Each structure stands twice: as C-alpha cells, then as structure tokens.
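Structural overview
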Amino acid sequence: MKLALPRLGNIEVINNTILTDMGHELVEAPPNSKRTMDLGVKYSPEYCCLPLKIALGNMIEAIDLGAEGLIMAGGWGPCRFGYYAQVQRDVLLDLGYNFRMLIFELPRKEGIRTLWKNINILRNGKSWLYMVKQLRFAWQQILLTEELENKVLQVRPREKKKGAASRILLKSIREIKQAKDINTLEQIRKETMEKFAEATNPHMQNLIRVALVGEFYVSLEPFVNHHLEEKLGYLGVEVVRKNSIEAWIAPIMKLHIFKESFKEEKDIEQAAYQYLAHSVGGEGQTSVGNVVLAHQEGLDGAIQVVPFTCMPEIVAETILKKVSEDLDFPTLTLTYDEQTGEEGLNTRIEAFIDLLKMRRKRVNVS
Amino acid sequence: MQKKKIGIPYALYFYEYYPLWKEFLTRLGAEVILSQPTNKKILDLGIRSALSEVCLPVKIFYGHVLSLSEQVDYILIPRMVCIERGAFFCPKMIGLPDMVRSSLQNLPTQLTPIIDVRQSYGTWKNSLMEVGKLITDNSSEISRAFSDSWKIFQQNYLANILEPNLLFKSSIQNNIPKKPRKDIEIPVNIAVLGHNYLTNDSYVNMDLINKLKKMNVNVLTPEIVHPAIIKKQLKKLYKPIFWSLSRKVVGAAFYYFEKKVDGIIHLTSFECGEDSMVGELIHHQSQKYPDVSYTEFVFDEHSGEAGINTRIEAFLDMIRRKKRYEIGLTPSW
Ligand code: SF4
Ligand code: SF4
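Residues numbered from 1 in each chain as written. Chains lettered and ligands numbered in written order. Predicted model: local features only at pLDDT ≥ 70, side-chain atom pairs only at ≥ 80, totals over all residues. Heavy atoms only, no water.

**Re the overall build of chain B**
Along the backbone of chain B there are 14 helices and ten strands. Compactness check: chain B gives a C-alpha radius of gyration of 21 Å against a globular reference of 20 Å for 333 residues, within 12% of the reference. Dimensions of chain B, computed from the C-alpha atoms along their principal axes, are close to 70 × 40 × 35 Å. For chain B, with 333 residues in total, the buried portion stands at 57%. Within chain B, contacts between residues separated by at least 24 positions form 74% of all contacts whose residues are at least 6 apart in sequence. (Helix = DSSP H or I, 4+ residues; strand = E, 2+ residues; numbered from the N terminus. Rg over C-alpha atoms; globule rule 2.2 N^0.38 Å. Buried < 20%, exposed > 50% of the residue type's maximum accessible area, 1.4 Å probe, protein only. Contact = heavy atoms within 4.5 Å.)

**A word on the site of ligand 2**
Residue and element names in this part refer to chain B. Looking at ligand 2, the residues that line it are Cys55, Pro57, Val58, Cys90, Lys92, Met93, His195, Tyr197, Ser269, Cys272 and Glu274. Breaking the shell around ligand 2 down by element, the ones donating at least two residues are α3 (56-68) and α4 (91-94). By residue class, the composition of the shell around ligand 2 is seven nonpolar, two polar and two charged. Each of domain 1 (5-159) and domain 2 (164-326) accounts for three or more of the residues forming the shell around ligand 2. (Near = heavy atom within 4 Å. Nonpolar A, V, L, I, M, F, W, Y, C, P; charged D, E, K, R; others polar. Domains from an automatic or database assignment.)

**A word on the pairing of strand β5 (residues 208-214) of chain A**
Residues and elements named next belong to chain A. Of all seven residues that make up β5, six are buried, and the element is covered over most of its length. Two elements, β5 and strand β6 (residues 237-241), share five bridges in a ladder whose sense is parallel. For Ile208, the partnering residue across the bridge sits in β6 and is Val237. Relative to strand β7 (residues 301-307), β5 runs parallel, the two sharing five bridges. Note on β7: the bridge partner recorded for Ala211 is Ala302. (Pairing = 2+ DSSP bridges.)

**Let's talk about the nonpolar core**
Membership of the largest hydrophobic core comes to 158 residues, with the highest contact counts inside it found for Leu70(A), Leu25(B), Phe61(B) and Tyr256(B). Sorting elements by how many residues they give to this core places helix α12 (residues 244-258) of chain B first, with nine residues. Non-local contacts of Leu25(B), meaning those with residues more than four positions away in its chain, are made with Ile6(B), Ile8(B), Ala30(B), Val32(B), Leu76(B), Val131(B) and Ile135(B). In terms of nonpolar packing, the next biggest core, distinct from the first, is built from 59 residues, Ile142(A), Leu228(A), Val239(A) and Tyr336(A) among them. (Core = buried A, V, L, I, M, F, W, Y, C linked by side-chain atoms within 4.5 Å.)

**Comments concerning the domain arrangement of chain B**
Residue and element names in this part refer to chain B. In terms of domain boundaries, chain B breaks down into domain 1 (5-159) and domain 2 (164-326). The straight-line distance from the C-alpha centre of domain 1 to that of domain 2 is 28 Å. Buried surface at the junction of domain 1 and domain 2, both sides included, amounts to about 2000 Å², of which 57% is carbon and sulfur. Among the residues forming the side of domain 1 that touches domain 2, the class breakdown is 17 nonpolar, four polar and seven charged. (Buried area = accessible area lost by both parts, 1.4 Å probe.)

**Focus on helix α8 (residues 182-199) of chain A**
Residues and elements named next belong to chain A. The terminal C-alpha atoms of α8 lie 26 Å apart, and with 18 residues this matches the ideal 26 Å at 1.5 Å per residue to within 8%. Along α8, the positions that sit buried rather than exposed are Leu185, Ile188, Thr192, Phe196 and Ala199. For α8, the arc enclosing every buried residue in end-on projection is 65°, short of the 170-degree limit, so these residues lie on one face. Turned more than 90 degrees off the buried face of α8, the exposed positions are Asn183, Ala197 and Glu198. Among the structural elements, α6 (128-155) and α7 (164-178) are those in contact with the buried residues of α8. (Expected span 1.5 Å × (residues − 1). Arc of directions from axis to C-beta.)

**Side note on the environment of Ile241(B)**
Residues and elements named next belong to chain B. Looking at the element boundaries, Ile241 is found in the loop between α11 (227-234) and α12. According to the relative accessible area criterion, Ile241 is buried, its value standing at 3%. Considered as a pair, Ile241 and Ala87 are 154 residues apart in the sequence and their alpha carbons are 7.3 Å apart.

**Some words on the pairing of strand β3 (residues 69-73) of chain A**
All names here are of chain A. Summarising burial for β3: four of the five residues are buried, a large majority. One ladder, built from two bridges, connects strand β1 (residues 2-4) with β3; its direction is parallel. In the strand pairing of β3, Ala4 is matched with Leu70. Summarising the sheet, β3 and strand β4 (residues 100-104) pair through five bridges and their orientation is parallel. Note on β4: the bridge partner recorded for Ile71 is Leu102. As a crossover connection, the stretch from β3 through helix α4 (residues 81-94) into β4 is right-handed. (Right-handed = clockwise from strand over helix to strand, strands pointing away.)

**Here we look at the site of ligand 1**
Residue and element names in this part refer to chain A. For ligand 1, the full set of nearby residues is Cys49, Pro51, Cys79, Arg80, Phe81, Tyr84, Glu215, Pro307, Cys310, Met311 and Pro312. Classifying every residue of the shell around ligand 1 by side-chain character gives nine nonpolar, no polar and two charged. Counting the residues that make up the shell around ligand 1, at least three belong to each of domain 1 (2-126) and domain 3 (206-366).

**Observations regarding the sheet that holds strand β3 (residues 74-76) of chain B**
All names here are of chain B. What the four strands build is an open sheet, ordered β2-β1-β3-β5; its pairing is parallel. Looking at which strands have only one partner, the edges of the open sheet turn out to be β2 (31-34) and β5 (109-111). The mean inter-strand angle of the sheet, taken between neighbouring strand axes irrespective of direction, is 30°. (Axes fitted to C-alpha atoms, helices over the stretch in contact; angles between N-to-C directions.)

**A few points about the pattern of salt bridges**
Tallied over the full model, the rule gives 36 salt bridges over all chains. For Glu23(B), the salt bridge goes to Arg27(B), with nearest N and O atoms at 2.9 Å. Residue Glu23(B) and its partner Arg27(B) are both found in helix α1 (residues 14-27); the two are separated by four residues, about one turn of the helix. The exposure class of Arg27(B) is partly exposed, given its relative accessible area of 37%. Overlapping salt bridges, with partners in common, bring together Arg7(A), Glu12(A), Glu28(A) and Lys177(A) in one network. (Salt bridge = Lys/Arg side-chain N within 4 Å of Asp/Glu carboxyl O.)

**Remarks on the packing of α1(B) against helix α6 (residues 124-135) of chain B**
Residue and element names in this part refer to chain B. Contact pair α1 / α6: the axes reach a minimum separation of 11 Å and the direction vectors enclose 45°. Comparing the axis directions of α1 and α6 gives the class oblique. Judged by the sense of rotation from one axis to the other, the crossing of α1 with α6 is right-handed. Listed contacts from α6 to Tyr17, Leu20, Trp21, Phe24 and Leu25 of α1 are Trp124, Leu128, Met129, Val131, Gly132 and Ile135. The class makeup of the residues in the contact of α1 with α6 is ten nonpolar, one polar and no charged. (Parallel < 35°, antiparallel > 145°, perpendicular 65-115°, else oblique. Left-handed = near helix turned anticlockwise from the far one by under 90°.)

**Some thoughts on the packing of aromatic side chains**
Geometrically, a pair of aromatic rings is defined through the distance of the ring centres and the angle of the planes. Scanning the entire structure with this criterion turns up 17 aromatic pairs over all chains. A ring pair is formed by Tyr13(B) and Phe14(B), whose centres lie 5.1 Å apart and whose planes are at 70°; its orientation type is edge-to-face. An identical accessibility class is assigned to Tyr13(B) and Phe14(B); each is buried. Members of the aromatic cluster, connected to one another through ring pairs, are Tyr17(B), Trp124(B), Phe146(B), Trp150(B) and Phe153(B). Here the basic side chain of Arg89(A) rests over the ring of Tyr238(B), its NZ or CZ set 3.5 Å away from the ring centre. (Phe/Tyr/Trp six-rings, centres within 6.5 Å; stacked < 30°, edge-to-face > 60°. Lys NZ or Arg CZ within 6 Å of the ring centre and 35° of its normal.)

Right, here's the structure in full:
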C-alpha cells in the first residue's frame with residue numbers, strides 16, 4: 001500500500017525507516033505551504049483548531065499524489081486531538097476520496113483488533129524482529145534530530161554568517177533521513193557539532209534567553225508558527241524549546257528506556273501544581289509548569305504559542321497571566337490561526353524582546 | 001451558630017448538578033445561595049474579567065462567581081473531570097477552579113471538590129463527603145445526607161425523561177391538525193440541541209425556546225431522551241465520543257434525525273472546542289436525512305437578538321413551506 005504521514009517539523013526523517021524499508025511505497029506529503037493551508041482551511045469544519053486543518057491539507061495533497069493509506073495518531077481526550085482522525089476521515093470521504101486511515105492509538109475494547117490490523121499492515125509481512133529493529137532506529141533518528149534542533153537554537157543567535165546554522169541543520173536532517181545504522185548517525189552527530197562549533201562566534205555571551213512553550217504542533221512546526229525560532233534567533237535570542245517529540249512519544253510507549261523523560265514530566269507537573277493542579281489535556285499543564293521552571297532556571301521570559309480556540313492552551317493562557325504577575329516573569333502569548341499575518345507577529349515579538357533587553361539593563365544598573 | 005452560606009454559580013455544569021448539591025448542603029444545615037439567572041450585569045462582569053479567547057459559557061460562569069462574592073462565605077466550584085468510563089469533561093471545566101482563581105481577585109474561599117469517578121477520592125460520594133465535613137463533624141449524618149440527596153437527584157432526573165414511545169405518540173404523530181387555517185398554525189417539531197447551559201439559559205440564547213413555543217413549535221430537547229437511547233444511538237459512530245456532555249447532544253441529535261423531526265437547531269459557542277467537532281459529526285449525519293432541516297446557531301458575546309430572530313423566522317418559514325406542501329395546502333405565494 002502507498003502510505004503517507006502528515007508533516008510535523010522534521011518527523012519525515014523516519015519515513016524511510018518505518019515505511020520504505022518495511023517494503024511500503026512511500027508518498028511524501030509536500031512540505032507545508034500556503035496551498036496545504038488553503039486546502040485544509042477550505043475543507044475543515046470552520047471552528048476546528050489549526051493543526052487539524054493543516055494535517056487535513058497534508059492528507060489531501062498526499063492522496064492527490066497517490067497515497068492509499070494515511071497514518072495518523074489518535075487519543076482519548078479531553079482535548080480535540082483524539083477526534084481529529086475521525087473528522088478528517090469523514091471530510092475526505094465526503095470529498096469522494098478512496099483511502100484507508102490507519103490510526104495508531106491505545107486501543108479500547110474492539111479497538112484492539114483495529115490496532116492489531118494496522119500494525120500488521122505496517123509490518124507488511126516482515127519479521128517482528130525486523131520491525132522492532134526499525135522502530136528502534138526510527139527512535140534514534142528522532143532523538144538525534146531533536147538534539148541538533150536544540151543545538152541550533154544556541155548556534156543561530158551566535159552565528160558568524162547569517163543563515164549558516166539553519167543551512168547546516170538542513171543538510172544534516174537530509175543525512176539522518178538517509179542513514180541506515182547507528183554508526184552513521186553517530187558520524188552525522190559528530191560532524192554536525194563540529195560544523196556548528198565552527199559557525200559560532202564564541203564571544204557572544206549572555207544572550208537573552210526565552211522559553212518556547214505552548215501547543216505541541218504549533219510549537220514544533222515552523223511553517224505554522226511563522227518560523228518563530230528563526231525569527232528569535234536572528235533577533236539575537238537563544239530559544240529554549242520546551243516541547244519535543246521525544247517527550248510526546250515517551251509516555252505513550254511507557255517503556256523502560258524512557259525513564260528520564262518521565263522524571264522530567266513529574267518535575268513539570270510539580271512546578272505547575274500550585275497554579276494548575278490538574279492535567280487539562282494537550283500541553284495545558286505542561287505549558288504552565290514549563291514557564292514556572294523557566295523562571296527558576298533564570299531565563300528572561302517565555303513565549304506561549306496557541307492555536308486559536310485551543311482548549312488546553314486557553315486554560316494555560318488564563319493561568320499564565322497570573323503566573324507571570326506573581327513571578328514578575330514576562331510571558332508573551334501568540335495566537336495562531338489561518339489569518340495570522342507576518343507583520344503583526346513581528347511587531348509583537350520585537351516589542352517583547354525589547355522589553356526583555358530593557359529589564360536586563362535595569363538589573364545590571366541596580 | 002450562624003448558618004454557613006455557600007454560593008452556587010447558576011452556570012455551566014450546575015444546570016445539571018445544582019439540585020444534587022442544593023439538596024445535600026441544605027440537609028447538612030448550610031444555606032445555599034444560587035446566583036441570579038444570567039442578566040446583563042452578570043454577563044458584563046464575566047466579559048470584563050476573562051480573557052477574550054475564553055468561550056462565552058466560561059465567561060458567564062465568571063460573572064456568576066463575581067455576583068455571589070459579596071454575599072457568601074464559600075463558593076462551590078467543583079473540578080469536573082470524569083463521571084463515566086471513557087469520557088471526560090472539557091479541558092476548561094477540568095481547569096475551571098484554577099482559571100477562576102487566576103483571573104478573579106478577592107473571592108470568598110472556594111470549595112473545589114474533584115469529581116473523577118476513576119479515583120477513589122473522586123467518586124460522587126467521597127467528593128461530597130469532603131465538602132460536607134466543612135459543615136458538620138458528624139460523618140454518619142453526612143453519609144445519610146448524601147444517600148438521600150443522591151436518591152432524590154436520580155429520581156428527579158428520570159422523571160424528566162419521557163418514555164421514548166410516549167414522546168413521539170403524544171407530541172409528534174398526532175399534532176398535525178387536519179385543516180390549519182393559517183400557515184402559522186401548522187405545528188412543527190423542532191429539537192433544540194446543545195449543552196444545557198446554552199439551551200436553558202434564556203438570557204444567552206435570547207429566549208429562543210419561548211420564542212419557538214410562541215410560534216407554535218413543539219420544542220424537543222436532549223434532556224427528555226432516555227440515556228439508554230442515547231447510548232444506542234452513539235453506536236452509530238465510528239469512534240466513541242470522549243466528552244460526557246457532548247455524548248448527550250450527539251446521541252439526541254441522531255435520535256431526532258431518525259425520528260424525522262421537522263428541524264434540528266444546534267446551539268453552539270463560538271470558541272468551544274467540543275462544539276467544533278461535534279457540530280461536524282451532526283452536520284455529517286444530517287446529510288443522510290434530507291427530510292430533517294438542520295441549522296446551527298453560534299453564540300458569542302456579540303450575538304444580537306435581531307440576528308437570531310431573523311434566523312429563527314427563516315428556519316421556520318422553510319420548514320412550514322415544506323410542510324404545507326406535504327399536507328397539501330395550497331402555497332400562499
Ligand atoms: S491541543 Fe489545542 S490545538 Fe492541539 S488538538 Fe488539542 S485543542 Fe486542538
Ligand atoms: S464545553 Fe465548550 S462551551 Fe463548554 S466550557 Fe468547554 S469550551 Fe466552553
């Protein structure tokens with residue numbers, strides 16, 4: 001079956017490992033573009049959140065390129081994400097498309113059979129051993145990708161030549177995608193780090209540091225957040241990214257090897273507790289906890305990204321007003337929908353960074 | 001000893017659970033003060049103190065809390081998480097106590113019991129007992145008050161539900177008179193669906209239900225549909241819905257479609273995440289029932305009465321035109 005995955009940041013690095021190498025024909029959804037957004041917006045229910053719309057755009061573009069099966073994650077609330085795949089399926093069927101939706105989620109009741117079937121479709125007659133090996137390698141690819149993405153956040157504001165950091169990253173991502181074994185990954189890691197070191201101006205110290213929190217998809221998908229990390233980097237700001245695919249998948253798998261990120265999760269919950277004592281789905285509580293932690297870590301401020309009408313993040317936004325006041329810690333909330341314009345966004349971001357710089361000066365003087 | 005005054009905001013989930021709390025707290029000797037039905041002042045208070053991104057029903061909840069704050073010793077704001085397996089309340093209701101205390105200052109002490117039946121601390125009984133302890137030390141009295149109020153609550157709840165067949169015999173099949181003289185006299189059956197804090201708050205929905213009734217409409221709601229029917233209807237879905245409140249709305253919608261009522265009006269809140277998905281499911285279903293007219297009214301703080309009136313009239317017009325045709329009246333245009 002020709003299979004496709006929706007896009008999310010650089011998650012495409014695993015496409016070969018979990019699809020092509022398993023003997024499937026891979027259809028790559030084109031990178032997110034205005035066309036993706038327009039298609040998604042046109043056919044999605046009007047009041048749905050932005051990530052659903054974009055993912056629907058990916059699906060339409062992928063089916064148009066010949067995809068027969070769409071892989072999607074699921075869930076069971078309380079936020080909308082768990083119902084995405086169903087609504088998308090309905091919409092695509094209404095449009096007259098012929099396809100199969102392969103939903104991967106923790107099963108309930110009859111769901112276990114569907115999950116089993118989907119896993120077997122993915123396995124495609126290969127041995128279990130081989131499949132596990134591929135999944136493990138995909139995990140390693142994700143870990144390395146995120147490690148480099150985090151590193152680039154430090155390099156970018158310090159780079160000697162504008163754009164160098166992003167270029168290095170882009171090249172390495174391509175290599176990770178083609179890699180077939182751990183040794184190659186290790187090699188890529190080493191070389192990239194060297195290149196990063198070379199591109200960095202070591203005299204740039206004491207930069208403004210900002211935590212990036214908020215809804216998972218919008219925070220990790222540059223097209224949707226209007227390249228927020230790059231924008232900040234070029235303003236001389238070091239971004240500390242608080243969401244990661246690693247932390248998102250780890251609790252779902254509940255596997256021993258991910259113990260570390262469990263501990264982190266506990267710490268975040270603990271930090272949020274005083275302000276938001278209960279999980280509200282999505283990243284709601286995580287956003288609050290991460291802002292409290294960012295303050296403790298001595299960062300200058302935090303930016304929260306919110307898809308318009310996102311339920312968990314609106315809870316968090318409400319509460320962050322109070323957190324920010326109590327801790328005297330500046331937070332900026334950026335709300336995204338299909339109409340978000342570049343200019344308004346830039347003005348707000350620049351004003352926020354100016355504010356952080358002024359606060360630094362004040363502290364230095366006193 | 002002075003009676004403890006406990007305030008209950010007349011908003012959100014209290015449209016469902018007020019009778020239970022009122023019964024329980026009163027039995028224990030507390031004085032329960034319910035806020036006024038929503039009015040302009042309450043709405044304005046809420047809008048002023050909440051972020052604009054927050055949905056209208058939560059803003060209204062804020063308004064009710066503020067309107068009570070000077071009159072009571074405590075305000076009851078339960079954290080509603082889960083009342084049945086496999087379903088939740090919406091994120092905003094789960095986070096409601098935290099949202100309220102982040103946004104509103106100088107409030108009386110808030111009582112925020114957690115209702116989460118998956119946990120032993122969160123069962124209805126334990127949760128209410130926790131609150132009861134504030135009022136009296138006598139735990140057997142609390143326990144008795146709980147079981148009595150619970151029983152009454154359940155009985156009243158069931159009393160509202162019409163027997164499914166009765167419902168349609170009495171109100172639907174028999175209500176088309178042989179020869180209505182004027183168009184306006186053709187009775188129609190319209191189901192008004194939505195979260196009950198929208199359908200039952202006549203200030204917010206601009207008195208929609210009464211307006212319909214005055215126009216000779218037999219109004220049907222989700223509350224009168226038996227839970228067993230709802231459960232059965234939900235089986236039509238490809239994937240179960242995991243929001244308790246919306247389950248009722250969708251189940252009732254599917255039922256009314258099947259019963260071929262004349263029209264369905266779905267009331268939704270603009271910023272509501274549940275409604276955005278559920279609206280799509282109902283809309284999708286409506287395409288299978290071309291005989292049933294379907295429309296959605298979206299509410300936010302900017303909704304105007306004139307706009308709603310026009311839409312009601314247009315909707316009824318369309319339905320009556322269809323009916324006139326069906327019962328063989330000559331068209332009047
Ligand atoms: S977290 Fe927010 S944006 Fe993401 S699916 Fe849930 S409601 Fe939508
Ligand atoms: S269900 Fe919708 S309307 Fe109700 S509180 Fe949640 S978001 Fe608001």
